[in-house]
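# Observations on the three-dimensional arrangement
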Amino acid sequence: MVGKAILIVDDNPASRNFLASHLRGKQFKVLEAPTGKEGLIVAWRDAPDLILFDPTLHDISDQEFIQKLRNDPRTAATPLVALSTDPSPARRDVCLHLGVNEYLVKSSRAIPMLEESLTRLFDLETSTPTISKPVTEPQRNGLLMVFLSAKGGTGTSSLCANLAMNIQQKQPEARVVVADLVLPIGSVGQIVGEKGNINLVTVSDLPSDQTNADYFHKNLPQPNLWLFQLLPGSPDPEQANSLKGERIGQIVDTLCSAYDFVLLDLGRSLSRIGLPLIQKADLIILIVSTDQSTIQLTKTIWDYLQAQGVDSQKIYAILNRAVGLEGLTKSQAEEIIGLPIKTTLPYMGSNFALANNLNQPITIKYATDTASIIFKSTAEDMVSLARRLRAR
Ligand SMILES: Nc1ncnc2c1ncn2[C@@H]1O[C@H](COP(=O)(O)OP(=O)(O)OP(=O)(O)O)[C@@H](O)[C@H]1O
Ligand SMILES: [Mg+2]
């Protein structure tokens, strides 16, 4: 614990000075910021090991402060401890919900409680095995998001590509990759207009020491207009037959170490290959449509996943009205499946297919359409949920 850098963000100078001198006395390296905005700058510039802050900052709301830290890859995983002037449970709940690790109230017991928190958080960190980091590229621990559906044609591939685009648009500095694992033929390449020679089958044919982070960064295509890199799927059933399935797990692990966000299109193949990926995903995006049979099949899939130990909090169900307004309502669907639906995407008529045929992202082709706004907010919501679940 000794020598760890702690950033104190508190606009009360007396409180800040007291905490700083106490922590320096405990051999911590202390950084200080007198306002929330300066706190953000120091946090991103100096990468402290922990941020201790009073959420009652005057220049920025607690909510915005925490979200800015959690939504930036440089501080997404930094332990956050609130040492607050405000004892109200409402503020405490909001802070913890947004990803603060511990919420303490300023009182005579605050210092011993803070010390316990620091021990807990730093011990937790050192007890996790660390992998030696390459000198040139930081070792990432990307958030893994898998997309699946119970039935074909529900929009899984289109949503995977468009949500990846929105995640990348929101965070231009992050590295985002989409991998199409749908067998026997992938379709993300077709949606984004990628026609190159690299695909899942060719990559799985290469020796594992060759397909390292650097290989993916340098060789995966970045389709025109789409900001992420893509590992396209199998181009035809014949090549799919020669796929070395046992390599998929390693490939996904490498992608997670090389990218900040790894989005996998699993389609409706709940296979031997897909299940372990679902089990280790940070977020499972389940695409459902409103027709009876898809809803019933989705329930079967969810029952199965539950039996395999999948945590319901990781399921992010999206109702995609890919076929118009007929069918069940959102609440009927929720009741049958037994899961909350987090977002509903409206029926876009032929516009959706047109954007796909032109290989354009919805947010570019129909920037002001309701669907674009929903894509944007859904992408943000998914990222913040995945981060909160990771920080648990
Ligand atoms: N909200 C929507 N409004 C209108 N059309 C949509 C919508 N969502 C998807 N579609 C259309 O549905 C079709 C299927 O989409 P997509 O290929 O993404 O689905 P999928 O679940 O991946 O299918 P597959 O089982 O073939 O992999 C596409 O033609 C797409 O344009
Ligand atoms: Mg598909």
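### Focus: the pairing of strand β6 (residues 143-149)
The two faces of the sheet receive side chains in turn, since in a regular strand these alternate between them. Along β6, seven of the seven residues are buried, which leaves the element largely enclosed by surrounding structure. Where β6 lies against strand β9 (residues 261-267), six bridges are found, and the strand directions are parallel. Its bridge partner being in β9, Met 145 is matched across the sheet by Leu 263. Two strands pair when backbone bridges link them, and β6 and strand β10 (residues 283-288) are joined in this way by five bridges, in the parallel orientation. The partner of Met 145 across the bridge, within β10, is Leu 283.

### Regarding the site of ligand 1
Within the structure, ligand 1 sits among 17 residues, and Gly 155, Ser 157, Ser 158, Asn 320 and Met 348 are positioned closest to it. The separation between an oxygen atom of ligand 1 and a polar main-chain atom of Gly 155 is 2.9 Å. Ser 158 places a polar side-chain atom, nitrogen or oxygen, 2.4 Å from an oxygen atom of ligand 1. In isolation ligand 1 has 640 Å² of accessible area, and contact with the protein removes 76% of it.

### Overview of the packing of helix α6 (residues 156-170) against helix α17 (residues 370-391)
Following both chains from N to C, one finds α6 and α17 inclined at 75°, their axes separated by 9 Å at the closest point. When the axes of α6 and α17 are compared, the pair comes out roughly perpendicular. Each of Leu 159, Asn 162, Leu 163, Asn 166, Ile 167 and Lys 170 in α6 lies in contact with α17, whose residues at this interface are Phe 375, Lys 376, Thr 378, Ala 379, Glu 380, Met 382 and Val 383. Partitioning the contact of α6 with α17 into residue classes produces seven nonpolar, three polar and three charged.

### Side note on the sheet that holds strand β11 (residues 315-320)
Taken together, seven strands build an open sheet; the order of strands is β8-β7-β9-β6-β10-β11-β12 and the sheet is parallel. Pairing within the sheet leaves two strands with one partner each, and these edge strands are β8 (229-231) and β12 (341-345). When strand polarity is set aside, the average angle formed by the axes of neighbouring strands in this sheet is 20°. The pairing of strand β7 (residues 176-180) with β8 spans three bridges and is parallel. Paired with Ala 179 across the strands is Leu 231, a residue of β8. Contacts from helix α11 (residues 248-258) reach β6, β7, β8 and β9 within the one sheet, and its direction differs from that of β9 by about 150°.

### Quick word on the sheet that holds strand β3 (residues 50-53)
What links the strands of a sheet is backbone hydrogen bonding, and the strands pair in either a parallel or an antiparallel sense. The strand order β2-β1-β3-β4-β5 describes an open sheet built from five strands, whose pairing is parallel. Strands at the two margins of the open sheet, each flanked by one partner only, are β2 (29-33) and β5 (102-105). Averaged over all adjacent pairs, the angle separating strand axes in this sheet is 20°, with direction ignored. Bridge analysis of β3 against strand β4 (residues 80-84) gives three bridges, and the strand direction is parallel. The residue of β4 that forms the bridge with Leu 52 is Val 81. Where helix α1 (residues 13-25) meets the sheet, it contacts β1 (5-9), β2, β3 and β4, and its direction lies at approximately 170° from that of β2. The strands that helix α4 (residues 89-97) touches are β4 and β5; relative to β5, the one it contacts most, it runs at about 155°.

### Describing the side chain of Thr 154
With respect to the helices and strands, Thr 154 occurs in the loop between β6 and α6. Among the polar contacts made by the side chain of Thr 154, one reaches the side chain of Thr 156 at a distance of 3.4 Å. Residues within four places of Thr 154 in sequence aside, it is in contact with Ser 149, Ile 287, Ser 289, Thr 294, Asn 320 and Ala 322.

### As for the packing of helix α2 (residues 36-46) against helix α3 (residues 62-70)
One way to put it is that α2 packs onto α3 with a least axis distance of 11 Å and a crossing angle of 10°. In terms of their interaxial angle, α2 and α3 are classed as roughly parallel. Note on element contacts: α3 touches α2 through Phe 65, Lys 68 and Leu 69, opposite Gly 36, Leu 40, Ala 43 and Trp 44. Of the residues in the contact of α2 with α3, the class split is five nonpolar, one polar and one charged.

Cut-off values and rules
- Residues numbered from 1 in each chain as written.
- Chains lettered and ligands numbered in written order.
- Predicted model: local features only at pLDDT ≥ 70, side-chain atom pairs only at ≥ 80, totals over all residues.
- Heavy atoms only, no water.
- Buried < 20%, exposed > 50% of the residue type's maximum accessible area, 1.4 Å probe, protein only.
- Helix = DSSP H or I, 4+ residues; strand = E, 2+ residues; numbered from the N terminus.
- Pairing = 2+ DSSP bridges.
- Near = heavy atom within 4 Å.
- Polar contact = N/O pair within 3.5 Å; in protein donor to acceptor, adjacent residues only side chain to side chain.
- Areas by Shrake-Rupley, 256 points an atom, 1.4 Å probe, with all protein chains shown as cover.
- Axes fitted to C-alpha atoms, helices over the stretch in contact; angles between N-to-C directions.
- Parallel < 35°, antiparallel > 145°, perpendicular 65-115°, else oblique.
- Contact = heavy atoms within 4.5 Å.
- Nonpolar A, V, L, I, M, F, W, Y, C, P; charged D, E, K, R; others polar.

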